[in-house]
Amino acid sequence: MPETVTAPAPVPTTDPRVVRAIDLAWREAELLDRKDYETWIGLYTDDGSYVIPIDPDTDDFAGTLNMVYDDARMRRMRVTRMTEGYAIAAVDAARTVRTVSRFVPESVTDDEVVLRSAQVLIAYKRGRHDIWAADLVHHIRLSPSGDRIVLKVVRLVDSEDAVPAAGFLL
Amino acid sequence: MSHDTTTPAELAAADRVAGRLYTDPEIFEGEISRIFERTWVWVAHESELPGPGTFKSAHVGRQPVIVTRDRKGTLHTLLNRCRHRGASLCEKPKGQANGFTCPYHAWSYGLDGKLRGIPYPEGYEGVIEKGELSLKKLRTESYGGMVFATFHDGIESLEEFLGDAKLWIDRFMKQGGGYPIKVLGKHRFKFRGNWKIQLENTTDGYHFPIVHRSWMASVDAETADMMSFMTDPSAITHALGNGHSVMQMVPGHSDLDADDGTEPLQGRFDHLIKDLAQTLEPAQVRKVVRAMHGTGFNLNLFPNVSMSAAFFRVLRPISVDETEIEHIAIGPDGPPELDAVNRERLRIHEHFQGPFGFGTPDDAEGWDRVQRGAQGAPDMPILVNRGLAREKASPEGWPTSHVTDETGMRAAYGQWKEMMRDA
Ligand code: FES
Ligand SMILES: [Fe+2]
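Residues numbered from 1 in each chain as written. Chains lettered and ligands numbered in written order. Predicted model: local features only at pLDDT ≥ 70, side-chain atom pairs only at ≥ 80, totals over all residues. Heavy atoms only, no water.

Participant: For this particular structure, what's the right way to read the interface of chain A and chain B?
Facilitator: Across the boundary between the two partners, chain A contributes 36 residues, which contact 33 residues of chain B. For the pair chain A and chain B, the summed buried surface comes to about 3,000 Å²; carbon and sulfur atoms form 57% of the total. Between the two partners, chain A and chain B, sit 7 salt bridges. Between D362 of chain B and R81 of chain A there is a salt bridge, with its nearest N and O atoms 2.5 Å apart. A per-class count over the side of chain A that touches chain B returns 23 nonpolar, 3 polar and 10 charged. Pairing geometry for strand β7 (residues 163-164) of chain A and strand β12 (residues 181-191) of chain B, over 2 bridges, is parallel. Across the sheet, residue P164 of chain A finds its bridge partner in β12 of chain B, namely K190 of chain B. (Contact = heavy atoms within 4.5 Å. Buried area = accessible area lost by both parts, 1.4 Å probe. Salt bridge = Lys/Arg side-chain N within 4 Å of Asp/Glu carboxyl O. Nonpolar A, V, L, I, M, F, W, Y, C, P; charged D, E, K, R; others polar. Pairing = 2+ DSSP bridges. Helix = DSSP H or I, 4+ residues; strand = E, 2+ residues; numbered from the N terminus.)

In structure tokens:
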């Protein structure tokens, strides 16, 4: 007899653990729009990853080409690049305003929340507005000493198409 | 040419070109018909078409094409346009198929472009001859795994067109360490500027330490040292004929088979070397690791592909002030042990080449600035004269100068002028 599997009841976004995760995702969005990368990097755990894949279906980030696939070392170098003043793309980067919403908790425990969301980012530079639409997944580790991001995956709707070269982060 | 008072020769002199070359839509239209639709244009690497029935979408100039491999293994480049009412047949970037059926009225075509079937054919009796309605096919030839197509049936063979560049294609492929090269993935991005700005950039050694300072600061000392060619007199650029050129940034890696064993392998690859040594011969390990950054040169093939160190850079003109670029990551196609090598090569590619890499956004910012600046005084020249007075012929007879000189750009504009002149 096949076992009957009942889908667990969805966890509402009002669950206090989910609320903490959403707070962190929103705080991250605002730091990125302000280009406060030094504070932003502190939101990640040491073993955390920040990924913008190209292949919309892959979870094998190591085995495929990504736009961004950052561990702690790469993230540190990236922040240095964005803030040191020598990267002409970063110095003259577009101004961005992003909206992160449509939160759906995928899994929730007392230690970790996996949160899906939508991000719509408008980047303005030199008379042009570019739209960057993406699905986000945040894996957020909950801890009394501060909640941190273990994994952020940004899946652009046009990841396989030609996007502008960017001087900011998604 | 539209501005009949200005000839191609006046727009592109030996040492300067008019800024209007980046901004004039009529010049752009001329380039599409006289260059992109008359010469050999790169459309694929053979590894992207690994078996019968595989295909990829590409463009020749602005025209959409499908590159296919038929049952017998022959490559075809087909215009992606149904012979009935013009619908595009294929909107997938790549895949496998027995043929292409148009989604509009279901005319179906073979992998070689032949019209196979028409539904409800009664209305066409006495009206059409199926044999005359194959997809429009472009001449397709390949060299060293590089596949090119052309609309111009009367053009010289691909090998003649490549000429002295063939030697450099052969050398470029040595980064497989004795294994063939395969495509690992690609970055696609666009910038708001003319295609020739990008064409120039791959042969522009002069910008490297300035534009890529932030990348240089982020890599290990050995890599940074490898790329410090600005004052190295052995780092040189050759013009190879037909607009092609090669820029040797790391001359010691120009021929990867030339290895006297004295160069230490980079410490950053220690973990990889250890793993590979479990199953591969030391000489083989040395070969693939020494080629981790590709070859030490950029080979620029006029008009749309550059074989740049460890990747292909392909440009596609969209309009006078918009260009799309692909940065295609490549690596050896060998036994499973080499997966670790290719993963490392992907990381190196991501670090510089992507739309969020440490190199490309800075290049793109420079190109964007050129396009914006060129709106001012469009007839004021763009200088391509760096190193003109120190250019000499190499023993092979190639015009040669320092790697930071604009020899490669002069070669490309020489070809541009030839092609724009002959209508
Ligand atoms: S347009 Fe293709 S079958 Fe009609
Ligand atoms: Fe560059």
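Having seen it, we continue.
Participant: Looking at this model, I keep getting lost on the UniProt feature "domain: Rieske" (unreviewed entry) in chain B. Mind explaining?
Facilitator: Residues given the UniProt feature "domain: Rieske" (unreviewed entry) here are residues 40-149 of chain B. In the segment residues 40-149 of chain B, helix accounts for 0% and strand for 43%; the C-alpha atoms at its two ends are 5 Å apart. (UniProt positions renumbered as here; feature names shortened; annotations may be inferred.)

Participant: Looking at this structure, I do not really get the side chain of H293 of chain B. What am I missing?
Facilitator: For H293 of chain B, the position within the fold is in the loop between α10 (282-290) and β15 (297-301). Polar contacts involving the side chain of H293 of chain B include one to the side chain of Q266 of chain B, which spans 2.7 Å. (Polar contact = N/O pair within 3.5 Å; in protein donor to acceptor, adjacent residues only side chain to side chain.)

Participant: Mind showing me how you'd approach the coordination of the iron ion (ligand 2) here?
Facilitator: Reference values for angles at a metal are 109.5 degrees in the four-donor tetrahedral case and 90 or 180 degrees in the six-donor octahedral case. Residues and elements named next belong to chain B. Coordination sphere of the iron ion (ligand 2), protein contribution only: H207 (NE2), H212 (NE2), D363 (OD) and D363 (OD), at 2.1 to 2.5 Å. Positions of the donor residues of the iron ion (ligand 2), expressed as sequence spacing, correspond to H-x4-H-x150-D. Residue H207 shares its accessibility class with H212, and that shared class is buried. (Donors = N, O, S within 2.8 Å, 3.2 Å for Na, K, Ca; no water. Buried < 20%, exposed > 50% of the residue type's maximum accessible area, 1.4 Å probe, protein only.)

Participant: When you look at the sheet that holds strand β2 (residues 66-70) of chain A in this model, what are you seeing that I'm missing?
Facilitator: Either a parallel or an antiparallel arrangement is found when strands of a sheet pair, and the pairing is made through backbone hydrogen bonds. Residue and element names in this part refer to chain A. Taken in spatial order, the 6 strands of this open sheet run β2-β1-β6-β5-β4-β3, and their pairing is mixed. Since the sheet does not close on itself, it has two edges, and those belong to β2 and β3 (95-108), each with one partner. The mean inter-strand angle of the sheet, taken between neighbouring strand axes irrespective of direction, is 15°. Here 11 bridges tie β3 to strand β4 (residues 112-125), and the two strands are oriented antiparallel to one another. (Axes fitted to C-alpha atoms, helices over the stretch in contact; angles between N-to-C directions.)

Participant: What is the right way to read the pairing of strand β10 (residues 137-143) of chain B from this model?
Facilitator: Within a regular strand, side chains alternate between the sheet's two faces. Residues and elements named next belong to chain B. With 2 bridges connecting them, strand β5 (residues 75-79) and β10 associate as antiparallel partners. Residue pairing across strands places T77 opposite L138, the latter belonging to β10. Here 5 bridges tie β10 to strand β11 (residues 146-150), and the two strands are oriented antiparallel to one another. Bridge pairing in β11 places E141 opposite F148. Between the end of β10 and the start of β11, which pair antiparallel, lie 2 residues, with G144 showing a positive phi angle near 60°.

Participant: When you look at the packing of aromatic side chains in this model, what are you seeing that I'm missing?
Facilitator: The geometry of an aromatic ring pair is captured by two quantities: the separation of the ring centres and the angle between the planes. What the rule picks out here adds up to 22 aromatic pairs over all chains. Ring geometry for W40 of chain A versus Y44 of chain A: centroids 5.2 Å apart, planes at 65°, classification edge-to-face. Residue W40 of chain A shares its accessibility class with Y44 of chain A, and that shared class is buried. Judged by centre distance (5.3 Å) and plane angle (75°), the rings of F55 of chain B and F100 of chain B are edge-to-face. In this pair, F55 of chain B is assigned in strand β3 (residues 54-60) and F100 of chain B in strand β7 (residues 99-101), connecting sequence segments 45 residues apart. Here a set of aromatic residues connected by ring pairs shows up, and it is made of W42, W168, F172, F297, F312 and W398 of chain B. Over the aromatic face of Y86 of chain A sits the side chain of R213 of chain B, whose NZ or CZ is 3.6 Å from the ring centroid. The ring of Y206 of chain B has R386 of chain B sitting right over it, with the charged end atom 4.0 Å from the ring centre. (Phe/Tyr/Trp six-rings, centres within 6.5 Å; stacked < 30°, edge-to-face > 60°. Lys NZ or Arg CZ within 6 Å of the ring centre and 35° of its normal.)

Participant: Can you help me understand the domain arrangement of chain B in this one?
Facilitator: Often, the extent of an interface is quoted as the loss of accessible area on bringing the components together. Residues and elements named next belong to chain B. Domains assigned within chain B are domain 1 (41-150) and domain 2 (164-419). A straight line from the C-alpha centre of domain 1 to that of domain 2 covers 32 Å. At the junction of the two partners, domain 1 supplies 13 residues and domain 2 supplies 19 residues. Across the domain 1 to domain 2 interface the summed buried area is about 1,300 Å²; carbon plus sulfur atoms make up 68%. Together, W42, Y143 and M146 form the three largest contributors to the area buried by domain 1 at its contact with domain 2, with a combined 42%. At the surface where domain 1 touches domain 2, the tally comes to 1 salt bridge. (Domains from an automatic or database assignment.)

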